[in-house]
Amino acid sequence: MVTIEGPLSVKEVCDLFKLQRIDVIKKLMNFGIMNVNQRLPLEVVIKIAEEYKYTVKVLTAEAESQMAEEADDHSKMVPRPPIVTIMGHVDHGKTSLLDAIRKTNVVESEDGGITQHIGAYQVDLPGSGQRITFLDTPGHEAFTQMRAHGSKVTDIAILVVSADDGVQPQTIEAIDHAIAAEIPIIVAINKIDKPGANIDNVKKQLAEHGLVPEDWGGDTVCVEVSAKQRINIDGLLEMILLVSEMRSLKADPTRKAVGAVIESRLDKGFGPVATILIQKGTLQVGDPVIVGCTCGKVRSMANARGEKMARAIPSTPVEITGLDEVPQAGDKLKVVTSEKVAREIATHRQIAMREERMKLKKHISLSELFSEIQNGKVKDLNIIIKGDVAGSIIALSDSLKKLSNDKVRVNVIHNNVGAITENDILLAAASNALIIGFRVRPSALAEKLAETEKVDVKVYRIIYDAIDQIQQAMVGMYDPTYKEVVLGRAEVRQVFKISHIGTIGGCQVKDGKITRDATIRVVRDGIEIYEGKLKSLKRFKDDAKEVTNGLECGIGMDKFNDIKEGDILEAFEMQEVKPSEMSGQAQSKENRR
């Protein structure tokens with residue numbers, strides 16, 4: 001038996017298990033780890049140990065004892081800004097309302113004008129010297145769990161209801177979450193400037209769901225606003241401050257910080273980045289922290305405007321760097337006594353997670369799913385989800401789990417931020433899982449490995465399409481009309497900016513071919529950032545119909561100029577295929593991707 005405390009270097013693994021360096025490196029390459037200079041994750045060390053018949057004991061001496069909740073010192077409590085969550089039905093104007101408050105433009109950056117990530121912002125109110133922290137949560141039912149995370153860290157809920165559309169299903173869900181979290185609700189009746197606005201009807205619907213307006217004899221504050229015209233925004237802010245004063249919100253800024261992950265992502269330059277909402281205490285640069293199953297030391301902090309900060313007090317949202325891995329949205333952050341303790345806690349939690357993954361089994365394609373169900377072969381549908389940000393992954397994961405029925409149980413066995421890698425393919429092959437990518441792509445190596453291992457990889461840009469297709473497969477309606485065929489890939493070697501024309505990427509075709517009429521997607525660090533048509537394809541100064549493997553060319557994209565060196569340009573086309581003969585009930589449906 002060997003005893004370890006946490007991640008080890010290659011040299012430490014060689015010394016501990018008496019192995020040759022080359023043998024360890026070969027093992028790591030099998031696991032998809034190419035950087036042998038990094039410290040190896042604990043689960044990789046354990047796998048190597050098991051192959052050489054070693055038993056591993058992990059020290060977690062001080063670990064969970066350090067996580068006991070520190071008591072607040074009421075003599076040190078001071079007032080803090082209220083944390084306000086904006087909730088409501090999709091397209092009722094939540095982000096536009098926040099936009100009006102911040103006097104910036106957030107809504108245009110979202111796909112289709114629908115918020116798909118959680119944002120946290122702090123607003124200074126002119127003249128009063130007071131601040132309000134806002135959480136902007138997505139409004140579709142797919143984001144129920146994300147709203148639940150929002151409710152848990154929220155002091156006041158702003159329920160946005162469109163004056164011309166009234167109370168909708170997601171409005172009711174938002175009400176339920178706010179009531180469950182025992183937080184006061186302020187109703188913002190939005191779009192009062194629209195011709196079809198019917199404020200009395202909205203109040204009637206609210207009363208039917210337990211929110212009786214004050215002017216109807218109830219205790220629910222209703223504020224009539226127009227986010228688009230910026231009507232009565234000040235009145236809404238005044239009501240937030242009034243409700244906040246009545247709740248007497250306070251926190252102790254002198255204790256160790258506790259916070260919640262609002263959003264997280266993997267940044268090319270900074271590594272794992274997490275948006276943390278500080279709930280108690282003060283977080284400082286240099287603090288050792290444990291966040292869910294990962295840990296680290298706070299290397300830098302920045303506010304919503306990107307300005308550097310040395311410390312963050314309660315109710316402040318900050319982006320932090322310095323974590324070992326990307327945490328999950330909703331994970332708790334806690335400051336601990338040392339990096340050693342943080343590593344022990346993370347190690348302990350990673351082992352527990354690994355033990356869960358050991359219970360997995362083998363693979364299936366989405367198009368075969370219904371016939372397998374009919375034959376009684378499928379009891380569990382295992383799914384791996386990769387996405388561009390943690391919030392979307394959790395929303396998709398929770399929505400897919402709800403599709404479980406009496407014949408099939410949907411299990412999300414793994415999810416993480418980032419591109420679809422060879423490790424994901426191997427895990428799917430070993431556990432009979434489908435892979436779903438949300439706004440991310442598989443690498444070229446991962447794609448080839450998926451073909452070899454017969455792993456089904458589906459990629460989506462809209463979260464609801466993923467939910468719909470799996471649901472259709474489970475009831476025998478999945479019937480793809482088209483399939484995507486990748487024609488070739490080119491790498492951007494140089495970027496040229498030409499006046500009156502735009503940005504041109506000087507590229508080399510790495511495999512296949514790039515054709516003039518193909519659809520092109522731009523993939524940066526494994527994440528899809530653009531999809532559209534070619535504007536130009538040239539060999540030297542001449543227009544070309546196609547450019548084949550190994551040749552250089554100039555590529556311009558239609559309505560996209562943010563090309564950078566190292567980008568991968570992937571050419572593809574949609575080819576019609578025969579309907580899958582999944583059952584006598586299978587129907588031809590229009591491809592919805």
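Residues numbered from 1 in each chain as written. Predicted model: local features only at pLDDT ≥ 70, side-chain atom pairs only at ≥ 80, totals over all residues. Heavy atoms only, no water.

Further remarks concern helix α8 (residues 233-247). Over its 15 residues, α8 runs 22 Å from end to end, which matches the ideal 21 Å to within 8%, given 1.5 Å per residue. If you check which residues of α8 are buried, you get Ile233, Gly235, Leu236, Leu237, Ile240, Leu241, Val243 and Ser244. If you follow the buried residues of α8, they end up packed against β4 (83-88), α4 (94-102), β6 (131-136), β7 (156-162), β8 (185-190) and β9 (221-224). Downstream of α8 by one or two residues, Ser248 has phi in the positive range, about 50°. (Helix = DSSP H or I, 4+ residues; strand = E, 2+ residues; numbered from the N terminus. Expected span 1.5 Å × (residues − 1). Buried < 20%, exposed > 50% of the residue type's maximum accessible area, 1.4 Å probe, protein only. Contact = heavy atoms within 4.5 Å.)

The next subject is the pairing of strand β22 (residues 433-438). In terms of residue burial, β22 counts as a mostly covered element, since 6 of its 6 residues are buried. Here β22 shows a buried face lined by Ala433, Ile435 and Gly437 and a second buried face lined by Leu434, Ile436 and Phe438. Inspection of the sheet shows strand β20 (residues 380-387) paired to β22 by 6 bridges, in the parallel sense. The partner of Ile385 across the bridge, within β22, is Ile436. With 4 bridges connecting them, β22 and strand β23 (residues 457-460) associate as parallel partners. Bridging from a neighbouring strand, Ile435 pairs with Val457 of β23. (Pairing = 2+ DSSP bridges.)

So, on to the packing of aromatic side chains. What describes a pair of aromatic rings is the distance from one ring centre to the other and the angle between the planes of the rings. For the structure on display, the rule yields 2 aromatic pairs. Ring centres of Phe17 and Tyr54 lie 4.9 Å apart, and the angle between their planes is 50°; this geometry places the pair in the tilted category. With a gap of 37 residues between them, Phe17 in helix α1 (residues 10-17) and Tyr54 in the loop between α3 (42-51) and β2 (56-58) connect regions that are remote in the sequence. Owing to a relative accessible area of 2%, Phe17 belongs among the buried residues under this scheme. With relative accessibility at 25%, the residue Tyr54 sits in the partly exposed group. Each ring, one from Tyr530 and one from Phe560, has its centre 4.4 Å from the other, and the planes form 20°; the classification is stacked. Residue Tyr530 is found in strand β27 (residues 527-539), and its partner Phe560 is found in the loop between β30 (552-557) and β31 (568-576); the two are separated by 30 residues along the sequence. This pair shows no difference in class: Tyr530 is buried, exactly as Phe560 is. (Phe/Tyr/Trp six-rings, centres within 6.5 Å; stacked < 30°, edge-to-face > 60°.)

As a further point, take the packing of α1 against helix α2 (residues 21-30). Contact geometry of α1 with α2 gives a least axis separation of 10 Å together with a crossing angle of 115°. For the crossing formed where α1 meets α2, the hand is right-handed. Contact residues: α1 offers Val10, Val13 and Cys14, while α2 offers Arg21, Val24 and Leu28. Among the residues forming the contact of α1 with α2, the class breakdown is 5 nonpolar, no polar and 1 charged. (Axes fitted to C-alpha atoms, helices over the stretch in contact; angles between N-to-C directions. Left-handed = near helix turned anticlockwise from the far one by under 90°. Nonpolar A, V, L, I, M, F, W, Y, C, P; charged D, E, K, R; others polar.)

Take the confidence of the model for the protein next. Per-residue confidence for the protein gives a mean pLDDT of 81; residues scoring 70 or more make up 81%. When the criterion is pLDDT under 50, residues 139-144 qualifies, and its contacts beyond four places in sequence or with other chains add up to 24 contacts. Confidence over residues 578-593 falls short of pLDDT 50; this stretch has 36 contacts with residues more than four positions distant or in other chains. (pLDDT = per-residue confidence, 0-100.)

On to helix α6 (residues 169-180), then. The end-to-end C-alpha separation of α6 is 17 Å, in line with the 16 Å expected for 12 residues at 1.5 Å each. Just downstream of α6 lies Glu182, where phi reads positive at about 55°.

With that out of the way, let us pick up unusual backbone geometry. Despite not being glycine, Lys191 shows a phi value in the positive range, around 65°. Positionally, Lys191 belongs in the loop between β8 and α7 (199-208). For Arg439, which is not glycine, the phi torsion reads 60° and is therefore positive. Inspection of the secondary structure assignment puts Arg439 in the loop between β22 and α13 (444-453). With a relative accessible area of 15%, Arg439 lands in the buried category.

Turning our attention to the pattern of salt bridges. Going through the model one piece at a time under the given rule, you end up with 29 salt bridges. Of the charged contacts in the structure, one is a salt bridge between Lys203 and Glu224, with a shortest N-O distance of 3.8 Å. Of the two residues, Lys203 is situated in helix α7 and Glu224 in strand β9; the sequence distance between them amounts to 21 residues. Note on Lys203: relative accessible area 6%, which makes it buried. Glu208 is the partner of Lys204 in a salt bridge, and the nearest nitrogen-oxygen pair spans 2.8 Å. Here the residue Lys204 and the residue Glu208 both occupy positions in helix α7, the gap between them amounting to 4 residues, near one helical turn. Residue Lys204 is classed as partly exposed on the basis of its relative accessible area of 44%. Judged by its relative accessible area of 52%, Glu208 falls in the exposed class. Each of Arg441, Glu447, Arg461, Glu484, Arg489, Asp511, Arg521, Glu528, Glu531 and Glu570 takes part in a single network of salt bridges with overlapping partners. (Salt bridge = Lys/Arg side-chain N within 4 Å of Asp/Glu carboxyl O.)

Along the chain, the position of Glu570 falls in strand β31. Within polar-contact distance, the side chain of Glu570 engages the side chain of Arg441 at 3.2 Å. A polar atom in the side chain of Glu570 sits 2.5 Å from the side chain of Arg521. Setting aside its immediate chain neighbours within four residues, Glu570 contacts Arg441, Glu447, Val486, Gly488, Arg489, Thr519, Ile520 and Arg521. (Polar contact = N/O pair within 3.5 Å; in protein donor to acceptor, adjacent residues only side chain to side chain.)

So, on to a nonpolar patch on the surface. On the surface, a nonpolar cluster with roughly 260 Å² of combined accessible area is contributed by Phe496, Ile498 and Ile501. Mapped onto the elements of the fold, Ile498 is located in strand β24 (residues 482-498). (Patch = residues over 30% accessible without salt bridge, like charges linked within 9 Å, V, L, I, M, F, W, Y side chains within 5 Å. Areas by Shrake-Rupley, 256 points an atom, 1.4 Å probe, with all protein chains shown as cover.)

Below, the discussion takes up the sheet that holds β22. Within a beta sheet, neighbouring strands are joined by backbone hydrogen bonds and run either parallel or antiparallel to one another. Taking strand neighbours across the sheet as the criterion, the 4 strands line up as β21-β20-β22-β23 in an open arrangement whose pairing is parallel. If you trace the sheet from one side to the other, it starts and ends with β21 (409-417) and β23, each paired once. Averaged over all adjacent pairs, the angle separating strand axes in this sheet is 25°, with direction ignored. Against the sheet, helix α11 (residues 390-401) contacts β20, β21 and β22, and its axis sits at roughly 175° relative to β21. Against the sheet, helix α14 (residues 463-474) contacts β20, β21, β22 and β23, and its axis sits at roughly 155° relative to β22.

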